[in-house]
Every structure is written in structure tokens, then in C-alpha cells.
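# Secondary and tertiary structure notes
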Amino acid sequence: MKPTDRNDTAAFASLGTPVWRASTVVFATLDQFVARRERLPDGFTYGTTGTPTQRALEQAIADLDEVAHCVVFPSGQAAICATLLTLLRAGDHVLMVDSAYGPARRFAGERLRALGVDVEFYPPRIGAAIGALIKPQTRLVWMESPGTMTMELQDVGAITAAARAQGVATGIDNTWASPLGFCAAAQGVDLVVHACTKYMGGHSDVLMGSVSTASESLYRALRDLQAGMGLAVSAEDCFLVERGLQTLQVRQQRQAASALVLAQRLLPHSMVKQVLYPPLPGSPDHPLWVRDHRLGGCTLSLQLQDAGFDAYRSLFAALKVFRLGASWGGVHSVAAFCPADELAARRHGEVSGPLVRLSIGLEEPQRLADDVLDALQCFASHR
Ligand SMILES: *Cc1c(COP(=O)(O)O)cnc(C)c1O
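The rules behind the values
Residues numbered from 1 in each chain as written. Predicted model: local features only at pLDDT ≥ 70, side-chain atom pairs only at ≥ 80, totals over all residues. Heavy atoms only, no water. Phe/Tyr/Trp six-rings, centres within 6.5 Å; stacked < 30°, edge-to-face > 60°. Buried < 20%, exposed > 50% of the residue type's maximum accessible area, 1.4 Å probe, protein only. Helix = DSSP H or I, 4+ residues; strand = E, 2+ residues; numbered from the N terminus. Lys NZ or Arg CZ within 6 Å of the ring centre and 35° of its normal. Expected span 1.5 Å × (residues − 1). Arc of directions from axis to C-beta. Contact = heavy atoms within 4.5 Å.

Turning next to the packing of aromatic side chains. The description of two aromatic rings rests on the distance between their centres and on the angle between their planes. Following the criterion strictly, the structure yields 7 aromatic pairs and no others. Seen in terms of ring centroids, phenylalanine 27 and phenylalanine 33 are 5.6 Å apart; in terms of plane orientation they differ by 75°. Their pairing is edge-to-face. On the accessibility criterion, phenylalanine 27 (18% relative accessible area) is buried. Phenylalanine 33 sits in the partly exposed class, given a relative accessible area of 39%. Each ring, one from phenylalanine 316 and one from phenylalanine 337, has its centre 6.0 Å from the other, and the planes form 90°; the classification is edge-to-face. Of the two residues, phenylalanine 316 is situated in helix H12 (residues 309-318) and phenylalanine 337 in strand E11 (residues 334-338); the sequence distance between them amounts to 21 residues. Residue classification places phenylalanine 337 among the partly exposed residues on the basis of a relative accessible area of 26%. Each member of the aromatic cluster is reached from another via a ring pair, and the members are Phe309, Tyr312, Phe316, Phe337 and Phe379. The ring of phenylalanine 33 has arginine 36 sitting right over it, with the charged end atom 4.1 Å from the ring centre. A cation over an aromatic ring shows up here: arginine 105 above the ring of phenylalanine 121, its NZ or CZ 4.0 Å from the ring centre.

Quick look at the structure:
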């Protein structure tokens, strides 16, 4: 058998996307090799800008986001940083929501400022009033809705319209809602980021981020940055995320339904001051959530009665089904802790910490609620 016969796939078909691994991409002629960069942003030149496995995933995410283009990056944080670096130069001004994902907030506040970018944090519920903060040098308004940990929902349509009226680009971290919950591009947002690590991967075993855009020029610029910074994504990881997408809808529906069950059962508890979960009727942003969202997310935050760190220690020690860890969106339920000083460092914070953030997985919701209610008893007895 010649190698070409062994590689003949004409007589083979399967339902999954093949995993194409490559650093080197080979060319048939010298002319093709010399002109290889002309193949970008869609085609193949070298492993850093992707393989057919990566393109299949990018197309699937772009379809979910209802735009033409998507570029994936090695993590959600890398996707956010790549977006910011693609748009911003020294002397530019960026408006970033105060409730943004912590590492993104730090990257802007420390690294971008060190590069000469004027970074300004704005209150999440600002709505159309964002227009008054826009300066001649403003290049980007960055949103995240709902906010990490504190769950403030943003009026994305109003903010985007105000930015667009002054010719300013918009971007959003849409991880919590996912494309199934909220279609940000349909509201006019130029750059839509997801941490695919969360629901899309769905099993807490892969890191990835995506940026979707309708703009051909932004797509080119993102792919160019991917090549320039060597932000390569593994083909196996693309395969895993694409497999995750096939069950995204059933997982997110079930996880959101369970999250609502928990929010409702925990709300009346004497140790619970506030349940931060926009899909919960009666919560501050519920009307906006009903207006904009088609499906809930799987994380909710609890603000508890005043207590010392010991009470939180015993709460986390008592949890049996929830595991203690960062990240979320997977099939296993996870609980995380957000210390008070982290929230106090925000400029426009309305919610004070500490907070307990629950990520609801696929376990039986009543069992999850019982687990938290038992842990709240331990919290109460150690206050
Ligand atoms: C987790 C998360 C990120 C970062 O994703 P990683 O893949 O872990 O880097 C970004 N935004 C939000 C809202 C997240 O929850």
C-alpha cells in the first residue's frame, strides 16, 4: 500500500469534524508559498492561524452569533485581550464597564494604561448616558452583561446606539448569556466575545475564547493579531468545543432551569440578603432581562448576612455536591467565593461583598438546593 492509498478518505464518512493537526502547511508550488499570506484571513498558511478543524469551529460560532466571521483564541481572557489590542493604540480612550471580568479589568487598568491608553470605567446600568462619556479619542465601548459576580444587566441596545451615533466601536463579553440567550450582534455590537471555556466546552476540561464580528476589516485585523502574537489554538481543543456545541442548547436550558429553581428556593432563607440572578422575577434587572434575553444563564450570586470569614469557611466545607473552584458553565456544579475587597476596588460598585457564586451543572436541582441549604445552616451557626 502506498501512503496515498492509506490516506484515501473517499470511502469514509463520519459525523464529527476531523482533527487536523499541523504546524507546517505544505504548498504545491513556489509561487503559492511566496504568496501564502494572501490566503488569510480564511485560508491556511501556518499552524498559528489555524487548520480546517479550527475553521469549522469558527464558522459554527459565527453562525450562532449570526455574523459572518469568528476567530478563536487559546482562552477567553486571550480573546478579550486580543480584541482590546486589535482596536486600541496609545492616545486612544476606552470605556470599560466597571463590572467586567476581573482579569480583563486588570489587563485594561494595568497593561493598557502602561501602553498609553486612557482607560475609563463606567457604571454598568448607564444606558444611553454613555454618550456623554464619549470623547473625540474614544475608540471602544466595552460591555459585559450581566457583570461578573455582581450580575448587573446592561442596556446593550441603548449603549450600542449611543456609541454608534458618535462613530465608536462596541464590544461585549457575552459569555454568561451565550449566543442562545442573547444575540449581541443583532443589537449592533461590533465584536462579540465568548469564553468557550464555559458553556461551549461545557465539561470544565478545555480553555478557549472566541471573537465574532460582521466586519471584514475587524476580522482581518483579529486574524493578523493572532498570527503576530502566535496565539495558536490546538485542533483537539477545537474538536472538543465543537462537540460541546452539539449539546449546548439542552445543557444550557436545563442548567438555566435548575439555576432558577435554586434562586427561588434560596431567596426566602434567613441567611440570604440578596440573590443576584436577572431571570429571577422581582430582581432589579428582570424587566430588561425579559426584554432582551431568550434563555437564562447558569450562574447566580448570593449576598449573605454579615458574617466573618469563619462562617464562609464552614459554608464551603459543608458543601457536598458543589465543588469549590473558579470557572463555571460545565456539567458539574461549582461554587466560588468573591472577597469583599475585590468588589470594593470597583469604582461604581452597587453591591458589596463577599459574594458566593454558584455555577449550576446538570445534577438534580433539588439535590443542589438541599446542599446549599445545609451549608447555609453551617454558615448560620458559625457567624
Ligand atoms: C471565565 C471568563 C472569562 C475568561 O475565560 P478563560 O477561558 O477562563 O480565560 C471571560 N469572561 C467571563 C465572563 C468569564 O466568566
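Before going further, it helps to examine helix H8 (residues 216-229). Compared with the 20 Å implied by 1.5 Å per residue over 14 residues, the 20 Å span of H8 between its first and last C-alpha is a close match. Every buried residue of H8 is listed here: Leu218, Tyr219, Leu222, Arg223, Leu225 and Gln226. All buried residues of H8 project into a common sector of 155° when viewed along the axis, lining one side. Away from the buried face of H8 by more than 90 degrees, exposed residues Ser217 and Gly228 are located. Against the buried residues of H8 lie helix H3 (52-64), strand E1 (69-73), helix H4 (76-87), strand E6 (191-195) and strand E7 (209-213). Downstream of H8 by a residue or two, glycine 230 has a phi angle that is positive, lying close to 65°.

Over its 17 residues, helix H14 (residues 365-381) runs 25 Å from end to end, which matches the ideal 24 Å to within 8%, given 1.5 Å per residue. Of all the positions in H14, only Pro365, Leu368, Ala369, Asp371, Val372, Leu373, Ala375, Leu376 and Phe379 are classed as buried. Each element contacted by the buried residues of H14 is listed here: helix H10 (248-266), strand E8 (272-276), strand E9 (299-304), H12 and strand E12 (355-359).

That is the geometry; function is a separate question.
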